[in-house]
Amino acid sequence: MSTTLPPHVVPSADHDGRPQRRAEDRAAARRPQRRAEDRVAARRPMRRAGDGVASSHSVTLVVPAQNEARNIPWVFEQIPRCVDEVILVDGSSDDATVPMARHCLPTVRSVQQSGPGKGNALRTGFAAASGEYIVMMDADGSMWPGEIPHFLHFLDHGFDFVKGSRCIAGGGSLDLTKVRSFGNRALLAVVNRLYDARLTDLCYGYCAFRRSFLDALDLRSSGFEIEAEMIAHALRSGLRIAEVPSLELPRRSGRSHLHAVSDGRRVLRTLITERPGARSSAAASAEERR
């Protein structure tokens, strides 16, 4: 599976930096007097011609953000037309994150998360979502919205949970440090062993799933470990999971909220606690102590 890179990673050699996949794309860009909707669509990079067709299901994009005002414009201007609803979950930002989001996308729904942590923000956004499909992505510019149609393609074709992978053909990372890379490989080995899975990537929060399975995912985490909890519960519940190639980009500005060591420990604890049979064993032990 091939992946078109975002415009700031591999700029077009043509004229304006938009990613081009074939010669006719460039020819179409030079057509005179395009309609207004064509000019708007041209600013949004697509993976292939057919991706412009909306999914037959409604789509909600959930974007947790805390002090991401400088990154929001790049992210929001590239959200593809197949997304019907965008929910910005604000983590008590003290910059112009919310006003900037409304300026870039007047239809955005802004909700305030009820507590601290990325997990709380995502759960708040999921509860507010109305779409049949839910897509989650970060607001720092590390995930390219132009990949969303690829996730939806797999949901439209029978899968229940789709996760981005930086470790399969067409994917990659321009921001993975040695520490994060080692931690991801170690935690991936744990999840594949405990859950009898064959995943290629774990600690990457670009995912999409059917909202009808939100109860089955049974999300309770408040921090970054919620991404591992989603995968663990999806595997444990027998959901049909697909991995799609995704390119992780460097954060466009600001400092990451991730703490590799402490968050890695929480992910490991989540994987062990939520493994198949762990809850039933714990319940049985509690019953025996009574």
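Note that the coordinates shown come from a computational prediction; the quantities given were computed from them, not determined experimentally. (Residues numbered from 1 in each chain as written. Predicted model: local features only at pLDDT ≥ 70, side-chain atom pairs only at ≥ 80, totals over all residues. Heavy atoms only, no water.)

S.K.: Explain unusual backbone geometry here, please?
M.R.: Comment: phi is negative for the bulk of residues other than glycine, and the bulk of peptide bonds are trans. With a phi angle near 55°, Asn 67 is a residue other than glycine that sits in the positive phi range. With respect to the secondary-structure elements, Asn 67 resides in the loop between strand 1 (59-65) and helix 3 (72-76). Residues other than glycine seldom take positive phi values, yet Ser 92 does so here, at roughly 55°. Within the secondary structure, Ser 92 sits in the loop between strand 2 (85-90) and helix 4 (97-104). When its relative accessible area of 55% is taken as the criterion, Ser 92 is described as exposed. (Helix = DSSP H or I, 4+ residues; strand = E, 2+ residues; numbered from the N terminus. Buried < 20%, exposed > 50% of the residue type's maximum accessible area, 1.4 Å probe, protein only.)

S.K.: Can you walk me through the pattern of salt bridges in this structure?
M.R.: In a structure, side chains of opposite charge can pair up when their charged atoms sit close to one another. Using the criterion set out here, one finds 16 salt bridges in the structure. Linking Arg 166 and Asp 201 is a salt bridge whose minimum nitrogen-to-oxygen distance equals 2.8 Å. Residue Arg 166 is found in the loop between strand 5 (161-165) and strand 6 (172-173), and its partner Asp 201 is found in the loop between helix 7 (178-194) and strand 7 (207-210); the two are separated by 35 residues along the sequence. For Glu 248, the salt bridge identified is with Arg 180, shortest N-O distance 3.0 Å. (Salt bridge = Lys/Arg side-chain N within 4 Å of Asp/Glu carboxyl O.)

S.K.: Is there a simple way to explain the confidence of the model for the protein in this structure?
M.R.: Any segment with low pLDDT has predicted coordinates that should not be analysed in fine detail. Summary statistics for the protein give a mean pLDDT of 82 and a share of 76% for residues scoring 70 or more. Every residue in residues 11-15 is under pLDDT 50, and counting partners more than four places away or in other chains gives seven contacts. Counting contacts from residues 17-34, a segment whose pLDDT is below 50, to residues more than four positions away or on other chains yields 28 contacts. (pLDDT = per-residue confidence, 0-100. Contact = heavy atoms within 4.5 Å.)

S.K.: Which parts of the structure should I look at to understand the side chain of Ser 142?
M.R.: Residue placement: Ser 142 occurs in the loop between strand 4 (133-136) and helix 6 (148-156). The exposure class of Ser 142 is buried, given its relative accessible area of 5%. Leave out the neighbours within four places in its chain, and Ser 142 touches Tyr 204, Leu 247, Glu 248, Leu 249 and Pro 250.

S.K.: Sorry, what's going on with the sheet that holds strand 1 here?
M.R.: Strand pairs in the sheet, formed through backbone hydrogen bonds, run parallel or antiparallel to each other. As summarised here, the arrangement of the seven strands in space is 3-2-1-4-7-5-8, forming an open sheet in which the pairing is mixed. If you trace the sheet from one side to the other, it starts and ends with strand 3 (109-112) and strand 8 (241-245), each paired once. Here the strands of the sheet are splayed against their neighbours by 20° on average, with no regard to which way each runs. Here strand 4 runs beside strand 7; their pairing, made up of four bridges, is antiparallel. Residue pairing for strand 7: Ile 134 is matched across the bridge by Phe 209. On top of the sheet, helix 9 (residues 226-236) reaches strand 4, strand 5, strand 7 and strand 8; it is set at about 135° to strand 5, its chief contact. (Pairing = 2+ DSSP bridges. Axes fitted to C-alpha atoms, helices over the stretch in contact; angles between N-to-C directions.)

S.K.: It is not clear to me how the packing of aromatic side chains should be interpreted in this structure. Could you clarify?
M.R.: All told, the structure shown has five aromatic pairs when counted by the stated rule. Judged by centre distance (5.2 Å) and plane angle (85°), the rings of Phe 126 and Phe 209 are edge-to-face. With Phe 126 in helix 5 (residues 118-128) and Phe 209 in strand 7, this pair connects stretches of sequence that are 83 residues apart. Across the pair, Phe 209 and Phe 126 agree in class, each one buried. Judged by centre distance (6.5 Å) and plane angle (70°), the ring pair of Tyr 204 and Tyr 206 falls under edge-to-face. A network of ring pairs unites the aromatic residues Phe 126, Phe 161 and Phe 209 as a single cluster. (Phe/Tyr/Trp six-rings, centres within 6.5 Å; stacked < 30°, edge-to-face > 60°.)

S.K.: What am I meant to see in the nonpolar core here?
M.R.: Among the nonpolar cores identified, the biggest contains 36 residues, and Leu 61, Phe 76, Leu 88 and Ile 148 are the most heavily contacted of them. Those elements that provide at least two residues to this core are strand 1, helix 3, strand 2, helix 4, strand 4, helix 6 and strand 8. If one sorts the elements of this core by residue count, helix 6 sits on top with five residues. Leu 61 has contacts with Ile 79, Val 83, Glu 85, Val 86, Ile 87, Val 135, Met 137 and Ile 148, leaving out every residue within four places of it along the chain. Leu 187, Tyr 195, Leu 217 and Met 230 belong to the second-largest nonpolar core, a separate cluster that totals 31 residues. (Core = buried A, V, L, I, M, F, W, Y, C linked by side-chain atoms within 4.5 Å.)

S.K.: Looking at this model, I keep getting lost on helix 6. Mind explaining?
M.R.: Since the α-helix packs 3.6 residues into each turn, any two residues three or four apart lie on the same face. Judged by how many residues are buried, helix 6 sits mostly within the fold: seven of nine residues are covered. Of all the positions in helix 6, only Ile 148, Pro 149, His 150, Phe 151, Leu 152, Phe 154 and Leu 155 are classed as buried. At its buried positions, helix 6 is contacted by strand 1, strand 4, strand 5, strand 7 and strand 8. A positive phi of about 105° marks Gly 158, the residue just after helix 6.

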